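# An overview of the molecular structure
Spelled out, the chains give:
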Amino acid sequence: MVNPEQVPIGKLISQFYRLHQKIIAKELVPYDVGLGGQHFFLKMIVSKPGITQDQMTSEIKFDKATTARSVKLLEESGYIERKADPKDRRSSLLYPTAKALEFAPVLQEILSEINRKFTADLTEEETDQLVRLLQKISKNASDILEGES
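Residues numbered from 1 in each chain as written. Predicted model: local features only at pLDDT ≥ 70, side-chain atom pairs only at ≥ 80, totals over all residues. Heavy atoms only, no water.

Counting across every chain of the model gives 5 aromatic pairs. With a centroid separation of 5.2 Å and 65° between ring planes, the pair formed by Phe16 and Phe118 is classed as edge-to-face. With Phe16 in helix 1 (residues 9–28) and Phe118 in helix 5 (residues 98–118), this pair connects stretches of sequence that are 102 residues apart. Arranged with centres 4.8 Å apart and planes meeting at 35°, the rings of Tyr31 and Phe103 form a pair that is tilted. Highlighted residues: Tyr31 in the loop between helix 1 and helix 2 (38–47) and Phe103 in helix 5, separated in sequence by 72 residues. Given the relative accessible area of 31%, Tyr31 is considered partly exposed. Taken together, the ring pairs in this structure connect Tyr31, Tyr79 and Phe103 into an aromatic cluster. (Phe/Tyr/Trp six-rings, centres within 6.5 Å; stacked < 30°, edge-to-face > 60°. Helix = DSSP H or I, 4+ residues; strand = E, 2+ residues; numbered from the N terminus. Buried < 20%, exposed > 50% of the residue type's maximum accessible area, 1.4 Å probe, protein only.)

This part covers the confidence of the model for the protein. Across the protein, pLDDT averages 90, with 94% of residues at or above 70. Put simply, helix 3 (residues 53–60) is where the protein has its lowest mean pLDDT, 88, and helix 5 is where it has its highest, 96. (pLDDT = per-residue confidence, 0-100.)

Printed below as a string of structure tokens:
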């Protein structure tokens, strides 16, 4: 049995995350997407047209500066457009462009293929268990932060 005090779970997750981001960024270079988790934001805007930056920051759990940078880069690359929020002039609603809608299935296939490669040596049951365990760890971390507020 592995002792969690001897295995730095946060360090392992952090290492995996950094490797994951490097691989995704490399795969997405030809599409002018990838830096700073832009794919997270693009997927959310495609699935929730009209979402605001604040809503994305809250849902994806990135900081506001990262969200702003990613949105700016996605807009400059022609993947999203901003429209004034009629309910709040200080806020913009974010919408996918035709380019984003065309690219969305390609993006999903790239991300799915990366996941397949990462889990190649795992059984389907192990993969399901891994996902469930990571979801539990993520919830525990969120609960810790919310308890500090």
